[in-house]
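Remarks on the overall topology
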Amino acid sequence: MTSSEFNSPIENQITPCHSKKIPLWLVLLDNIPTVFLFILGFLIINVISTLAAILFIIYAIFSVVWFWARICPYCHHFGTYACPCGYGIISSGLFSRKNSTSFQKIFRRNILVVFPNWFVPLAVGIFLLIKQYSVRILVLMIIFSITGFVVIPLISKLAGCRNCEIKEDCPWMTINKARSGKQD
Ligand code: SF4
């Protein structure tokens, strides 16, 4: 399908243009490490404050719902089983489709909402390693860092996004491509 066909607002507002169905194992592979990251973030922040750790989990859930509300409705995968993480279907049950020609702009404007899920636990963990070092915090930080900065990006690159039909239009893939340079 050509890029201009993807960008037809009428087609995208009425009929999903992707019939591919992503297998359940891939949806789970995309989501389980993210849930694991949130749990690790909770455990790290819980070392300084249980209340802050609970607020972190509430924020993490809020950021996912924000993603469903503010990004997915503009995506070509909205309402289809072609979305690698299943958000496209969940989002379509809660929100209405929007004009997909704005997807890149909307994505860039809203993606920052998920960054605290990575960087708040990282900052708290570094603070704890400096101020009250313990083997438990070190182990949590190592697992958190590997999950958040190695495993999740690798799954996106090698599995979830690899065969995506719209990866050339996706700002997330553009960012990853710029990072990996000529490795591809
Ligand atoms: S591919 Fe990304 S933006 Fe599109 S529906 Fe799935 S999670 Fe949402």
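Residues numbered from 1 in each chain as written. Predicted model: local features only at pLDDT ≥ 70, side-chain atom pairs only at ≥ 80, totals over all residues.

1. A few points about the overall build of the protein chain
- Within the protein chain one finds nine helices and zero strands.
- Listing each helix as α and each strand as β along the protein chain from the N terminus yields α-α-α-α-α-α-α-α-α.
- When each of the 184 residues of the protein chain is scored for burial, the buried share is 23%.
- Of the contacts made within the protein chain by residues no fewer than 6 positions apart, 68% connect residues no fewer than 24 positions apart. (Helix = DSSP H or I, 4+ residues; strand = E, 2+ residues; numbered from the N terminus. Buried ≥ 20, exposed ≤ 12 C-beta atoms within 10 Å, placed from the backbone. Contact = placed C-beta atoms within 7 Å.)

2. What to know about the site of the ligand
- Lining the immediate environment of the ligand, one finds Ile71, Cys72, Cys75, His77, Phe78, Cys83, Cys85, Tyr87 and Gly88.
- Its residues assigned to classes, the shell around the ligand comprises seven nonpolar, two polar and no charged. (Near = placed C-beta within 6 Å. Nonpolar A, V, L, I, M, F, W, Y, C, P; charged D, E, K, R; others polar.)

3. Structural notes on helix H3 (residues 24-46)
- The end-to-end C-alpha distance of H3 is 32 Å, a good match for the 33 Å that 23 residues give at a rise of 1.5 Å each.
- For H3, the full list of buried residues reads Asp30, Leu37, Leu40, Gly41, Ile44 and Ile45. (Expected span 1.5 Å × (residues − 1).)

4. Quick look at the environment of Val64
- Structurally, Val64 is set in helix H4 (residues 50-70).
- Remark: the alpha-carbon pair of Val64 and Val114, spanning 50 residues in sequence, is separated by 7.5 Å.

5. Side note on the packing of H3 against H4
- Look at H3 against H4: their axes get within 7 Å of each other, and the N-to-C directions meet at 155°. The angle between the axes of H3 and H4 places the two elements in the roughly antiparallel class. Taken as a pair, H3 and H4 cross one another with a handedness that is right-handed. Facing H3, whose interface residues are Phe38, Gly41, Phe42, Ile45 and Asn46, H4 presents Thr50, Ala52, Ala53, Phe56, Ile57 and Ala60.
- Residue classes in the contact of H3 with H4 are distributed as eight nonpolar, three polar and no charged. (Axes fitted to C-alpha atoms, helices over the stretch in contact; angles between N-to-C directions. Parallel < 35°, antiparallel > 145°, perpendicular 65-115°, else oblique. Left-handed = near helix turned anticlockwise from the far one by under 90°.)

6. Some words on the nonpolar core
- Counting 13 residues, the largest nonpolar core has Ile71, Cys72, Tyr74, Cys75, Cys83, Phe103 and Ile106 as the members making the most contacts within it.
- Sorting elements by how many residues they give to this core places helix H6 (residues 103-110) first, with three residues.
- Excluding residues within four positions of it along the chain, Ile71 makes contact with Ile106, Phe107 and Asn110.
- Leu40, Phe56, Leu128 and Phe144 belong to the second-largest nonpolar core, a separate cluster that totals 11 residues. (Core = buried A, V, L, I, M, F, W, Y, C linked by C-beta atoms within 7 Å.)

7. Some words on the confidence of the model for the protein chain
- The predicted model of the protein chain has a mean per-residue pLDDT of 84, with 78% of residues at 70 or higher.
- This stretch, residues 1-16, has a pLDDT under 50; its non-local contacts, to residues over four places away or in other chains, come to 19 contacts. (pLDDT = per-residue confidence, 0-100.)

8. Side note on the packing of H3 against helix H7 (residues 115-131)
- Contact geometry for H3 and H7: axes closest at 9 Å, N-to-C directions at 30°. With respect to their mutual orientation, H3 and H7 come out roughly parallel. The interaxial crossing formed by H3 with H7 has left-handed handedness. The segment H3 lies against H7, with Leu37, Phe38, Leu40, Gly41, Ile44 and Ile45 engaging Asn117, Pro121, Val124 and Gly125.
- Of the residues contributing to the contact of H3 with H7, the split by class is seven nonpolar, three polar and no charged.

9. Some words on H6
- Of all the positions in H6, only Phe103, Ile106 and Phe107 are classed as buried. For H6, the angular spread of buried residues about the axis comes to 100°, placing them on one side. Facing away from the buried side of H6 by over 90 degrees, the exposed positions are Lys105 and Arg109. (Arc of directions from axis to C-beta.)

10. Quick look at the environment of Asp30
- With respect to the helices and strands, the residue Asp30 is situated in helix H3.
- Placed 56 residues apart in sequence, Asp30 and Gly86 show a C-alpha to C-alpha distance of 8.8 Å.

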